[in-house]
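Each chain is listed here by its residues.
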Amino acid sequence: MALCVPACSPAVRLCQKLNRLKTLEDDVMATSLKRCLSTLDLALLGVGGMVGSGLYVLTGTVAKDTAGPAVVLSFLIAGIASLMAALCYAEFGARVPKTGSAYMFTYVSVGEIWAFLIGWNVILEYMIGGAAVARAWSGYLDSIFNHRIQNFTESHVMRWDVPFIAHYPDLLAAGILVVASIFISFGVRVSSWLNHIFSAVSMVVITFILVFGFMLADPANWSAREGGFAPYGLSGVMAGTATCFYAFVGFDVIAASSEEARDPQKAIPIATAISLALAATAYILVSTVLTLMVPWHTLDPNSALSDAFFRRGYSWAGFIVAVGSICAMNTVLLSNLFSLPRIVYAMSEDGLFFPIFSRVNPVTKVPVIAILVFGSLMAFLALIFDLEALVQFLSIGTLLAYTFVAASIIVLRFQPEKTASASGGGGTKTDASSMASPNQPVVPSDPGMTRSETQTLAQDAGELKEYESFSDKLQLVEREKAVRERRAPGMLKACWEPYLGRLLGDCEPGDVVTFSVTALMVSAVSLCAVVVFGNSHLHLPMWSFILLVVVFSLAFLISLVLIWAHEEQNKTKTFQVRKIIEKLKRPPLLWVQRLVWRSLLVYFGYGIWHSKEGLRELQGNDVSARYVVLPSGSLVETVQNVQPEGHTHTHASQTTHTSATNDPQANK
């Protein structure tokens with residue numbers, strides 16, 4: 001058994017590298033980017049990322065093929081589900097005001113390898129999503145001119161018939177992406193003002209659609225004669241909800257911009273709530289107007305709003321709708337091109353990607369190289385790939401990012417505070433009590449007490465020297481007892497100690513919660529898979545179906561109980577979500593996007609060896625230091641060199657530093 005430990009040590013060290021967490025600096029507001037975005041700027045960025053072509057295309061498609069007029073309920077339920085995910089992003093953006101969105105949140109809470117996977121996955125999502133929107137923008141503009149651009153390209157440039165490749169190179173889509181990338185490289189203020197302009201035009205057009213549409217509304221289009229309000233029943237409403245959910249994808253641009261916000265602790269949650277409320281209101285009201293103007297079963301899925309006004313005798317309104325659609329798609333393009341290079345910048349800053357992409361232009365204060373390189377790659381995708389082939393890859397990556405962010409929120413809440421100095425990143429962390437003066441009473445430290453609570457008790461103890469009353473002493477004792485009963489985050493609650501203390505008492509704070517969250521996710525996915533595919537695809541016998549449902553349900557409930565049995569961080573000054581409930585399902589065909597995880601070659605070939613957390617660990621493992629307070633008030637520092645395993649000798653040295661009292665004995 002002893003021989004197994006050295007043999008397993010390389011595997012253990014590899015696992016530690018893969019799961020190391022990002023260490024935040026003491027000043028989380030420090031950045032090489034420019035903090036200039038207000039709450040209004042962030043809210044309009046979020047609205048621009050969510051209210052795009054889906055408002056003009058998705059409403060008609062879901063209403064005709066999936067839900068009927070009940071598409072209103074589908075957007076309402078999808079908006080509530082999106083709110084749960086958006087609040088998770090808002091809490092993280094307020095607590096960790098760093099760019100990187102889901103990548104950064106996962107790195108802080110879960111681990112390096114998972115952060116790299118999520119980050120690379122989100123990069124691909126933005127690239128594919130931006131290329132798909134550019135193709136839709138080009139196709140919509142081409143349809144206004146009766147497809148003359150497509151015909152000219154096929155006749156005078158080239159045409160090919162290859163699977164997954166467009167029939168002709170879309171020069172217009174690639175060109176708009178290149179132009180947008182150039183504008184975004186001019187700085188965050190230029191990007192923000194462009195988004196303001198397009199968002200303002202889009203909002204004016206939406207207001208026109210609502211006012212004029214309600215004037216043309218006919219309640220008979222929701223009557224039983226036309227099929228009723230919910231012709232496809234509850235299943236149609238829920239199927240429409242799953243599709244409408246992706247209309248709200250885009251609010252994460254707010255969290256990705258947190259490093260450029262003036263006051264992220266306040267601006268991120270407020271902007272997220274405002275943008276999501278505006279987007280949900282727009283989708284619900286427009287779908288209401290659309291299904292009241294014309295019967296839902298006669299809608300044109302490709303241009304529902306323009307066709308509805310044309311059939312009511314107002315063909316001129318179609319041009320206004322076209323202008324609004326193009327402006328809305330411009331805001332989505334800006335949102336994708338704004339967020340993508342910042343995630344690349346965050347990964348490069350952490351050493352997980354090539355350092356050239358972390359260079360910030362000293363004038364514009366944006367990562368220009370990352371913007372231009374990945375904007376060009378996005379333009380290349382839009383140039384040659386078909387829109388349908390691009391859209392197939394969009395769904396599962398978004399769900400993975402949302403799932404990891406929601407899980408990271410839970411893990412982070414139950415972890416003890418960790419700072420750069422505490423992690424061995426080159427400095428040492430001294431307790432407030434160690435710097436106490438000789439005349440100040442020292443309060444015994446407790447691992448379950450936070451620094452603020454220790455300082456409070458010390459202050460109270462100092463006040464007792466002045467008053468020396470029995471009631472004050474009794475109050476101090478009671479307060480100290482209450483503080484000690486409130487244990488540190490990640491530790492078992494006092495009421496659960498008699499039942500779970502023997503089993504979980506030796507675990508580090510937060511480890512049990514991390515394991516429980518992982519078990520919670522696995523059991524939830526397995527339970528959904530059994531319920532959805534157990535009888536149809538897997539053809540399970542009834543006894544095995546019931547057994548699996550019971551086992552996974554018990555695992556789910558036990559994981560919830562274990563999480564609830566541990567102490568949570570209660571005193572946080574930033575925005576905090578209290579409850580997170582999100583249940584979604586997707587067709588199994590979309591899991592084909594797992595192929596993009598071949599990007600692990602980039603991580604194992606480059607990222608794991610150049611990670612700044614790895615360099616921090618190497619520097620922190622050279623020496624370890626601890627401070628001791630002597631009765632005389634002098635401060636003694638003991639430094640011991642740490643040798644690798646297997647060495648038979650160690651070298652120890654002790655150095656003594658003089659405290660503020662300048663005790664001459666401390667220099668001996």
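Residues numbered from 1 in each chain as written. Predicted model: local features only at pLDDT ≥ 70, side-chain atom pairs only at ≥ 80, totals over all residues. Heavy atoms only, no water.

An unreviewed UniProt entry lists the chain under the name Solute carrier family 7 member 4, with Astyanax mexicanus as the source organism. Note on the chain: under the UniProt heading Subcellular location (unreviewed entry), the record states "Membrane". (UniProt positions renumbered as here; feature names shortened; annotations may be inferred.)

Observations concerning the overall build of the chain
Looking only at helices and strands, the chain has 24 helices and 3 strands in total. Counting over 668 residues, the chain shows a buried share of 47%. Relative to all contacts within the chain whose residues are 6 or more apart in sequence, the contacts with residues 24 or more apart total 79%. Carbon and sulfur atoms form 66% of the exposed surface of the chain, whose accessible area is close to 32700 Å². (Helix = DSSP H or I, 4+ residues; strand = E, 2+ residues; numbered from the N terminus. Buried < 20%, exposed > 50% of the residue type's maximum accessible area, 1.4 Å probe, protein only. Contact = heavy atoms within 4.5 Å. Areas by Shrake-Rupley, 256 points an atom, 1.4 Å probe, with all protein chains shown as cover.)

Overview of the side chain of R342
Tracing the chain through its elements places R342 in helix α14 (residues 317-349). For R342, the side chain forms a polar contact with the side chain of E260, separated by 2.6 Å. Among all residues touching R342, those that are not within four sequence positions of it are T99, G100, V188, A256, E260 and V366. (Polar contact = N/O pair within 3.5 Å; in protein donor to acceptor, adjacent residues only side chain to side chain.)

Notes on the confidence of the model for the chain
With 72% of its residues at a pLDDT of 70 or more, the chain shows a mean pLDDT of 75. Within the model, pLDDT remains below 50 along residues 622-668, and this stretch shows 58 contacts once partners closer than five positions in the same chain are excluded. (pLDDT = per-residue confidence, 0-100.)

Considering the nonpolar core
Side chains of nonpolar character tend, in soluble globular proteins, to be buried together. Counting 109 residues, the largest nonpolar core has Y56, Y89, Y103, I123 and F248 as the members making the most contacts within it. When neighbours within four sequence positions are excluded, Y103 is seen to be in contact with A115, F116, I118, G119, I343, A346, M347, D350 and L352. Formed by 14 residues, the second largest nonpolar core is a distinct cluster that contains A43, I254, A267 and I268. (Core = buried A, V, L, I, M, F, W, Y, C linked by side-chain atoms within 4.5 Å.)

Overview of the packing of helix α5 (residues 102-109) against helix α6 (residues 112-144)
Relative placement of two packed helices is described by the angle separating their axes and the distance separating the axes. Where α5 contacts α6, the axes come no closer than 8 Å and their chain directions differ by 175 degrees. Taken together, the axes of α5 and α6 are roughly antiparallel relative to one another. Each of A102, Y103, T106 and Y107 in α5 lies in contact with α6, whose residues at this interface are E112, W114, A115, F116, I118, G119 and V122. (Axes fitted to C-alpha atoms, helices over the stretch in contact; angles between N-to-C directions. Parallel < 35°, antiparallel > 145°, perpendicular 65-115°, else oblique.)

Observations concerning the pattern of salt bridges
For the structure shown, the criterion picks out 8 salt bridges. Of the charged contacts, one joins E112 and R20 as a salt bridge, the two residues approaching to 3.0 Å between their closest N and O atoms. In this pair, E112 sits in helix α6 while R20 sits in the loop between α1 (4-18) and α2 (39-50), placing the two residues 92 residues apart along the sequence. Per residue, the accessibility class of E112 equals that of R20, and both read buried. We note a salt bridge from D350 to K22, for which the minimum N-O separation is 2.6 Å. In this pair, D350 sits in the loop between α14 and α15 (368-384) while K22 sits in the loop between α1 and α2, placing the two residues 328 residues apart along the sequence. (Salt bridge = Lys/Arg side-chain N within 4 Å of Asp/Glu carboxyl O.)

A word on the packing of aromatic side chains
Scanning the model with the defined rule gives 23 aromatic pairs in all. Between F183 and F186, the ring centres sit 6.1 Å apart and the planes meet at 80 degrees, which makes this aromatic pair edge-to-face. A relative accessible area of 47% places F186 in the partly exposed class. Geometrically, the ring pair formed by F208 and W316 is tilted, given 6.1 Å between the ring centres and 55 degrees between the ring planes. A residue pair is termed long-range when its members are at least 10 positions apart, and F208 in helix α9 (residues 188-215) and W316 in the loop between α13 (304-311) and α14 qualify at 108 residues. For F208, a relative accessible area of 22% translates into the label partly exposed. Of the aromatic side chains, those joined through ring pairs into one cluster are F116, W120, F353, F354, F357 and F374. (Phe/Tyr/Trp six-rings, centres within 6.5 Å; stacked < 30°, edge-to-face > 60°.)

Here's the deal with the environment of A406
One can find A406 in helix α17 (residues 395-413). Taking C-alpha positions, A406 is 9.5 Å from F105, a pair spaced 301 residues apart along the chain.

Remarks on α6
For α6, which comprises 33 residues, the first-to-last C-alpha distance of 48 Å matches the rise-based estimate of 48 Å (1.5 Å per residue) to within 8%. When you tally the buried positions in α6, you get 28 out of 33 residues, the bulk of the element. Once α6 finishes, N146 follows within two positions and takes phi at roughly 60 degrees, a positive value. (Expected span 1.5 Å × (residues − 1).)

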